[in-house]
Amino acid sequence: MAGLTKKTSAFDDENLSGRSQKLFFEVTEEENYTYYGNHEVDFNKRTSIDCEGINAHELNQKIRDSIRKGYGSIVIKNPGAKHSLGVGILNKLNLIFEGSLGYFGIGCIDGPTVRINGRVGWSCAENMMSGKVVVENNAGSCFGAALRGGDLIVKGDAGARTGIDMKGGTILIGGNAGAYTGFMMQRGRIIVCGDVNANMGDSMYDGIIFVGGEPHSLGTDCVPGEMNEHEVRWLEQKIKNAEIDCKVPASKFKKYVAGRMLWNYDNLEPAEKKGILG
Amino acid sequence: MCGIAGVINKKKTVNVGEQMGLMLQGLKHRGPDSTGYAMYGTPLKKGFVMRFKISENEAEKVNANVDSPDDLKNRKNAVDAILKKHGAKVTKQSSSTPYAFRYIFDFKGDLTDLATEIETVEKTEILSIGKGLELIKDLGDATTVSDQYGLNKFMGTHGIGHTRMATESDVDIKSAHPYWAFPFEDVSVVHNGQLTNYWGNRRVLERKGYRFNSNCDSEIIAVYIADKMAKGIVLEKAMHDSLDELDGVFTYVVATKDQLGMAKDHMAAKPMVIYESKDIVACASEEVAIRNIFPHEIKTYDPYEAEVKVWQA
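Residues numbered from 1 in each chain as written. Chains lettered and ligands numbered in written order. Predicted model: local features only at pLDDT ≥ 70, side-chain atom pairs only at ≥ 80, totals over all residues.

Chemist: What am I meant to see in the environment of B:Arg164 here?
Modeler: All names here are of chain B. By the element assignment, Arg-164 lies in strand E9 (residues 155–164). The exposure class assigned to Arg-164 is buried, which follows from the 28 C-beta atoms found within 10 Å. The spatial distance from the C-alpha of Arg-164 to the C-alpha of Asn-192 is 8.7 Å, given a sequence separation of 28 residues. Sequence-distant contacts of Arg-164, that is, excluding residues within four places in its chain, are made with Cys-2, Gly-31, Asp-33, Ser-34, Ala-176 and His-177. (Helix = DSSP H or I, 4+ residues; strand = E, 2+ residues; numbered from the N terminus. Buried ≥ 20, exposed ≤ 12 C-beta atoms within 10 Å, placed from the backbone. Contact = placed C-beta atoms within 7 Å.)

Chemist: Just checking my understanding: could you explain the interface of chain A and chain B for this structure?
Modeler: When the parts of a complex come together, some accessible area is lost, and that lost area is often taken as the interface size. Chain A puts 22 residues into the contact, and the matching count from chain B is 13 residues. Considering only residue class, the side of chain A that touches chain B consists of five nonpolar, 14 polar and three charged. (Nonpolar A, V, L, I, M, F, W, Y, C, P; charged D, E, K, R; others polar.)

Chemist: Is there a simple way to think about the sheet that holds strand E16 (residues 308–312) of chain B in this case?
Modeler: Residue and element names in this part refer to chain B. Spatially, five strands are ordered E10-E11-E12-E13-E16 in an open sheet, and the strand pairing comes out antiparallel. Only two strands of the sheet have a single partner each, and these edge strands are strand E10 (179–180) and E16. Pairing of strand E11 (residues 188–195) with strand E12 (residues 248–255) involves eight bridges; the strand directions are antiparallel. By the bridge assignment, Gln-194 is partnered in E12 with Val-249. (Pairing = 2+ DSSP bridges.)

Chemist: What is the right way to look at unusual backbone geometry in this model?
Modeler: Residues other than glycine predominantly adopt negative phi, and peptide bonds predominantly adopt the trans conformation. Cis geometry is adopted by the peptide bond preceding B:Pro178, which originates at B:His177 and carries an omega value of -5°. With respect to the helices and strands, the residue B:Pro178 is situated in the loop between E9 and E10. Within the chain, A:Ser203 stands out as a residue other than glycine whose phi angle is a positive 60°. Tracing the backbone through its elements, the reader meets A:Ser203 in the loop between strand E8 (187–192) and strand E9 (208–211). In this structure, B:Ala268 is a non-glycine residue whose phi angle is positive, near 55°. According to the C-beta neighbour criterion, B:Ala268 is buried, with 27 such atoms within 10 Å.

Chemist: Sorry, what's going on with the pairing of E9(B) here?
Modeler: Consecutive side chains along a regular strand alternate between the two faces of the sheet. All names here are of chain B. Here E9 lies mainly inside the structure; nine of its 10 residues are buried. Both strand E1 (residues 3–9) and E9 contribute to a ladder of six bridges, which runs antiparallel. Following the sheet pairing, Ile-8 is matched in E9 by His-158. Here strand E2 (residues 14–15) runs beside E9; their pairing, made up of two bridges, is antiparallel. Counterpart to Val-14 in the pairing with E9 is Gly-156.

Chemist: Whenever I open this one, helix H1 (residues 16–25) of chain B confuses me. Can you help?
Modeler: Helical geometry: 3.6 residues make up each α-helical turn, so side chains three or four residues apart lie on a common side. In terms of residue burial, H1(B) counts as a mostly covered element, since eight of its 10 residues are buried. All of the buried residues along H1(B) are B:Val16, B:Gly17, B:Gln19, B:Met20, B:Gly21, B:Leu22, B:Met23 and B:Leu24.

Chemist: Help me understand the domain arrangement of chain B in this model?
Modeler: Residues and elements named next belong to chain B. Along its sequence, chain B is carved into domain 1 (3–37 + 140–312) and domain 2 (44–130). With centres defined by C-alpha atoms, the gap from domain 1 to domain 2 works out at 23 Å. Between domain 1 and domain 2, the residue contacts involve 15 residues of the former and 15 residues of the latter. Tallied by class, the residues present in the side of domain 1 that touches domain 2 amount to five nonpolar, four polar and six charged. (Domains from an automatic or database assignment.)

Chemist: Where do I start with the nonpolar core in this structure?
Modeler: Generally speaking, nonpolar side chains in soluble globular proteins are found buried as a group. All names here are of chain B. In terms of nonpolar packing, the biggest core is built from 159 residues, with Ala-5, Met-23, Ile-225 and Ala-284 touching the most fellow members. Top contributing element to this core by residue count: helix H6 (residues 219–230), with seven residues. Two domains share this core, each providing at least three of its residues, namely domain 1 (3–37 + 140–312) and domain 2 (44–130). (Core = buried A, V, L, I, M, F, W, Y, C linked by C-beta atoms within 7 Å.)

Next comes the structure, spelled out in structure tokens:
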């Protein structure tokens, strides 16, 4: 990795996508959401839906019907680890799952605050644009794949390829993370309070990975960076807000960024690329 | 995309047939082509239980070369004659289909010689031989196969199973999982994934004299484990070795007479969810399968890449 340009911070010059991104890193996050053409909901208006005996499509339709009726807080009972629950919600909403989700849970969401009192399977919150998701137990692989904005929190461990291809937002892991965490990430931040398995940040273009424990090994193009004071404060606040009991103080976290080999490759002329590939 | 599952009840005999049936039915969407069970009942004190087939399930094939009743009768008679020749005494026999049989027999000779000769009979394949292992596989979903072979009341300690979406070979019984680790009694394997160095490994193992009945890449895991065990290597070590020596993306589950194990490749590309309690361990490609036997909320986890786990009955 000698000779690579180390990037010290991606905070100040980052122009993130997603509706809630502009002021996202302020502590008063809930003021920063803006929504277009969505239903007005009353957070004090509460309902519950039992997932027993119905499929994902039916449940998702019931959630939409409840939103249209103005319900701002919805509790899903007996999710039973079914797949594709709670996907495509583009509204302000408090959504609580009283149990575990299967694969592709709450994908493509923009705005809701989701709490999952259980575990999530593969590809939870894939392509999430904004909002906040808290998982009380563990998460499977590809947690937060292609994340574009918002906060995605798991209090236990997360599987392999966490944050693969992410383009914004923050993933916070209270425990350990699997191999290839941050694989091909392009923007955003991943915070891991525990250890990370092999090839962390492999082929990352940009973004930052903060690690409280130790990464087993770094992937191609992932290099250590230097923490600044602003980042330490931000880390402290994020971990505190997520109510995660992290044994490592924020100042002891290690920071990893892209070495930008791939970034440079993208800037090459086609003829130069051809030379490399040949 | 296939579905695999396993369950082991610690120090307890339960209706493991029902447990496996429910779990595999929950994985039907991962593979509707065929379903297979490797069930471990109360071990026989004397003799062996053998499951074998003498033809394929041709029901769904158009213009198939379907075997006549006489063909089937002749093959069964040939198997019986070989058993008799080797001094095996069949004490009980039954069949759920015209092409699949279950024999219990007393035998004191070389099991490998016996099994090898039985498989010389046309279209005949031994699915399993063991003290407790009974391997059943056929076309259709878990409930179809379970009903067909009467597995709903199978009492035992543990079992593994597979729902198959055929990608590398045909839709037939011989390409369905689980695979028995010929000739080791009571060892079976189910696999989800693709092995990229299959042919290279197969040639090496064939030169050592191992037999392959299908062109399914998953079969090599069973043979590989058998080869390791023949060298005196314990199951867990053999599974660890497989992570480096088998190439590709895979998660597999293996069972012996009193153990259940799982291994996940270095890329963690194929899923596995595990639930462990003091009484039972259940693992499956998806939690939704485990939840079919635990309707209440349970705490599960994904094993990480290059992880091997073995549990005792």
